Amino acid sequence: MPSIIIVGTQWGDEGKGKVVDFLTESTDIVVRAQGGSNAGHTVYSDGQKYVLHLMPSGILWPDKRCVIGNGVVIDPIGFLGEVDGLLDKGIQVTPDNLRISHAAHVVFPYHRAMDLALEARRGDAQLGTTGRGIGPAYSDKIDRCGLRMNDLANTERLATKVRTRLAMFNGASEGIEAPDLDAILKDYSAAGERLAPFLTNTVTYLNGAMRAGKSLLFEGAQGAYLDIDHGTYPFVTSSNTTAGGACTGSGVAPNQIDQVIGVCKAYTTRVGAGPCVTEEGDFSDRLHAMGREFGATTGRKRRCGWIDVVMLRFAKMVNGFNSFAMTNLDGLDGLDEVRLCTAYELDGERMETPPLDAEDLERCKPIYETMEGWPDDISGAQSLDDLPTKARRYLDRITELVETPFSIVSVGPDRKQTIVAPDVLAAGK
Ligand code: IMP
């Protein structure tokens, strides 16, 4: 199989975990390259539900290798909790099937405290972060005062570096209780000791594996509009969630990538604050009443709206999708009509791509195209031909508008409820 980057096309929670899990069967190594435990991937396998935060979902496959790359920020305590949960369920996690970059940055309790304190200080302008310390951990990385996984393995070095970092604990940290150095050193050196066998130079590992003919699957976290550069800033996360982030966050060169698949929900969802042009209260209520659209990481209700083609169009530019994988198409079952936002109206002007500024985006009005819905339950469809014509038309119209075909369509949470267009998948290369 070719090497593929999987990215979210919206605001995260598109169901990337399921798509990655599905494609894992025909890949060798699954790689996480950005984000941290702010991500939450739900994967159903053999009737068992797994919610993964930092762990690549390839871990559920006994013969696959997983890599957490240099671009990820790791909370080692939370991560070991995740590892223990998997071990309890009989999933193997060994240095043989999991490699962690020695250069990935570490999330400390003071990052979480700062995340929560900064949010509280923002008052009405809160971003709605996940509170996992992601922003402050990436800030330390960029500020060059962060610690990397390699630092955990050596207790003396860990103590010196945490002490130096805490001596700088100032300004932004005003009003936050001073972190307990002894507790940090105790917990983090114990975690470092347990994780040491997993640490490696993942850049040489991945490049060596590719030279040996192995294929990679990059499991993106969050989505295009949470990208620190291209998203709805400042209502974004702190990493590059778009396709380029997979390369910088892993040390795999762009010319080694064969294709990019954009995962999009059949509708739009967003958690946290910030603009969402197609959001509709009734539509959200309907999905929540169906038991859908509660955040995997924080349990928050997601805000929901119709599919936004304007955003998909721009996401395609930035990511270069070869194809889409659509998830949750069954979430639209039973509607009389479905709507697609094909353009925005801002100050009397029609826009085909989103404005640069989040405040302008907030003022945009959706221009909708309405199509007939389908009354049928599509959750048993096994091929595109099994779908009702009206559902096919919905997909075809999106393909037409974004010039991107569908390689995968998911009609339910189970691995078996996945329709594949093998020709599109193969043509992606
Ligand atoms: P942070 O990543 O915790 O700093 O949160 C910044 C913004 O990104 C908030 O609006 C979060 O709700 C959102 N966010 C972060 N991770 C995810 C995710 O995996 N899915 C959906 N939204 C996310």
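Residues numbered from 1 in each chain as written. Predicted model: local features only at pLDDT ≥ 70, side-chain atom pairs only at ≥ 80, totals over all residues. Heavy atoms only, no water.

Description of the overall build of the chain
The helix and strand tally for the chain stands at 14 helices and 20 strands. For 429 residues, the compact-globule formula gives about 22 Å, and the C-alpha radius of gyration of the chain, at 21 Å, lands near that figure. Across its three principal axes, the chain shows a C-alpha extent of roughly 65 × 50 × 40 Å. Burial statistics for the chain: of 429 residues in total, 56% are counted as buried. Just so you have it, the chain exposes about 17500 Å², and 49% of that area is on carbon and sulfur atoms. If the 44 positive side-chain charges of the chain are averaged to one point and the 58 negative ones to another, these points end up 4 Å apart. (Helix = DSSP H or I, 4+ residues; strand = E, 2+ residues; numbered from the N terminus. Rg over C-alpha atoms; globule rule 2.2 N^0.38 Å. Buried < 20%, exposed > 50% of the residue type's maximum accessible area, 1.4 Å probe, protein only. Areas by Shrake-Rupley, 256 points an atom, 1.4 Å probe, with all protein chains shown as cover. Lys, Arg positive; Asp, Glu negative; His and termini not counted. Charge placed at Lys NZ, Arg CZ, Asp CG, Glu CD.)

With respect to the site of the ligand
Neighbouring the ligand are 15 residues; Asp13, Asn38, Thr130, Thr237 and Arg300 lie closest to it. A distance of 3.2 Å separates an oxygen atom of the ligand from a polar atom in the backbone of Gly128. Within the contact set of the ligand, an oxygen atom lies 3.5 Å away from a backbone nitrogen or oxygen of Val271. Calculation on the ligand without its partners gives an accessible area of 470 Å², and the protein chains cover 96% of this total. A per-class count over the shell around the ligand returns six nonpolar, seven polar and two charged. (Near = heavy atom within 4 Å. Polar contact = N/O pair within 3.5 Å; in protein donor to acceptor, adjacent residues only side chain to side chain. Nonpolar A, V, L, I, M, F, W, Y, C, P; charged D, E, K, R; others polar.)

What about the sheet that holds strand β5 (residues 65-68)?
Note: strands within a sheet are paired through backbone hydrogen bonds, in either parallel or antiparallel orientation. Spatially, β9-β7-β5-β2-β10-β1-β11-β15-β19-β20 is the arrangement adopted by the 10 strands of the open sheet, whose pairing is mixed. At either end of the open sheet lies a strand with only one pairing partner, and these are β9 (199-200) and β20 (418-420). Of the strand pairs in this sheet, β5 and strand β7 (residues 98-101) are connected by three bridges, and their pairing is parallel. Note that in β7 the partner of Ile68 across the bridge is Ile100. (Pairing = 2+ DSSP bridges.)

Examining the pattern of salt bridges
Any two side chains of opposite charge can pair, on the condition that their charged atoms come close. Inspection of every chain in the model, using the stated rule, returns 25 salt bridges. Here Lys64 and Asp63 are joined by a salt bridge, their closest N and O atoms 3.9 Å apart. Linking Asp385 and Arg392 is a salt bridge whose minimum nitrogen-to-oxygen distance equals 3.4 Å. By sharing partners, the salt bridges in this structure join Asp13, Lys265, Glu293 and Arg302 into a single network. (Salt bridge = Lys/Arg side-chain N within 4 Å of Asp/Glu carboxyl O.)

Observations concerning helix α11 (residues 309-319)
Because each turn of an α-helix spans 3.6 residues, side chains separated by three or four positions end up pointing in the same direction. In terms of burial, α11 is largely enclosed, as eight of its 11 residues are buried. Among the residues making up α11, those that are buried are Val309, Val310, Met311, Leu312, Arg313, Phe314, Ala315 and Asn319. Regarding α11, its N-cap is Asp308, as a side-chain oxygen of that residue lies 3.0 Å from the backbone nitrogen of Val310 further along. One or two positions beyond α11, positive phi appears at Gly320, with a value near 65°.

Side note on the packing of α11 against helix α13 (residues 389-402)
At a closest axis distance of 10 Å, the pairing of α11 and α13 adopts a crossing angle of 50°. Here α11 is positioned oblique relative to α13, judged by the angle of their axes. Crossing angle aside, the handedness with which α11 passes α13 is right-handed. Taken together, the residues of α13 that come into contact with α11 (itself represented by Val309, Leu312, Arg313 and Lys316) are Ile398, Leu401 and Val402. (Axes fitted to C-alpha atoms, helices over the stretch in contact; angles between N-to-C directions. Parallel < 35°, antiparallel > 145°, perpendicular 65-115°, else oblique. Left-handed = near helix turned anticlockwise from the far one by under 90°. Contact = heavy atoms within 4.5 Å.)

Concerning the environment of Ala39
Tracing the backbone shows Ala39 in the loop between β2 (29-32) and β3 (41-45). Ala39 gets classed as buried once you look at its relative accessible area, which sits at 4%. Along the primary structure Ala39 and Thr297 are separated by 258 residues, whereas in three dimensions their C-alpha atoms are 6.7 Å apart. When residues no more than four places from it in sequence are discounted, the contact partners of Ala39 are Arg32, Leu52, His53, Ala221, Gln222 and Thr297.

Comments concerning the environment of Arg165
Within the secondary structure, Arg165 sits in helix α6 (residues 155-167). Linking Arg165 and Asn201, residues 36 residues apart in sequence, is a C-alpha distance of 25 Å. Those residues within four positions of Arg165 in sequence are excluded, and the remaining contacts are Tyr110, Met114, Asp140 and Cys145.

Describing the domain arrangement of the chain
The domain boundaries assigned to the chain delineate domain 1 (4-102 + 208-259), domain 2 (105-195) and domain 3 (264-425). Its C-alpha centre places domain 1 at a distance of 23 Å from the equivalent point of domain 2. Each partner contributes residues to the interface: domain 1 has 26 residues there, and domain 2 has 22 residues. The contact between domain 1 and domain 2 buries some 1900 Å² in all, and 63% of this surface belongs to carbon and sulfur atoms. On the surface where domain 1 and domain 2 come into contact, there are two salt bridges. With a closest N to O distance of 3.1 Å, Asp75 and Arg112 form a salt bridge. On the surface where domain 1 and domain 2 come into contact, there are 10 residue pairs in polar contact (both at pLDDT 80 or more). If you list the elements that add at least two residues to the side of domain 1 that touches domain 2, you get β6 (73-74), α2 (76-88) and β7. A per-element tally of the side of domain 1 that touches domain 2 places α2 first, with seven residues. Along the lines of polarity and charge, the residues of the side of domain 1 that touches domain 2 split into 12 nonpolar, 12 polar and two charged. (Domains from an automatic or database assignment. Buried area = accessible area lost by both parts, 1.4 Å probe.)

So, the nonpolar core
Judged by nonpolar contacts, the single largest core of 65 residues is most densely connected at Met326, Leu329, Leu332, Leu387, Tyr394 and Ile398. Counting contributing residues per domain, this core is built from domain 1 (4-102 + 208-259) and domain 3 (264-425), each supplying no fewer than three. Residues within four places of Leu387 in sequence aside, it is in contact with Leu329, Ile378, Ala381, Arg392, Leu395, Val411 and Ile419. (Core = buried A, V, L, I, M, F, W, Y, C linked by side-chain atoms within 4.5 Å.)

A look at the packing of aromatic side chains
Under the criterion given, the structure shown has eight aromatic pairs. Ring centres of Phe324 and Phe406 lie 5.7 Å apart, and the angle between their planes is 45°; on these two criteria the pair is classed as tilted. Here the residue Phe324 occupies a position in strand β15 (residues 323-327), and Phe406 occupies one in strand β19 (residues 406-410), the gap between them amounting to 82 residues. As far as burial versus exposure is concerned, Phe324 and Phe406 are alike and both buried. For the ring pair Trp374 and Tyr394, a centre distance of 5.9 Å and an interplane angle of 50° mean the geometry is tilted. Here the residue Trp374 occupies a position in the loop between β18 (365-372) and α13, and Tyr394 occupies one in helix α13, the gap between them amounting to 20 residues. Accessibility expressed as a relative area gives 0% for Trp374, which makes it buried. Among the aromatic residues, those joined into a ring-pair cluster are Phe108, Tyr110 and Tyr188. Here the basic side chain of Arg339 rests over the ring of Tyr368, its NZ or CZ set 4.6 Å away from the ring centre. (Phe/Tyr/Trp six-rings, centres within 6.5 Å; stacked < 30°, edge-to-face > 60°. Lys NZ or Arg CZ within 6 Å of the ring centre and 35° of its normal.)

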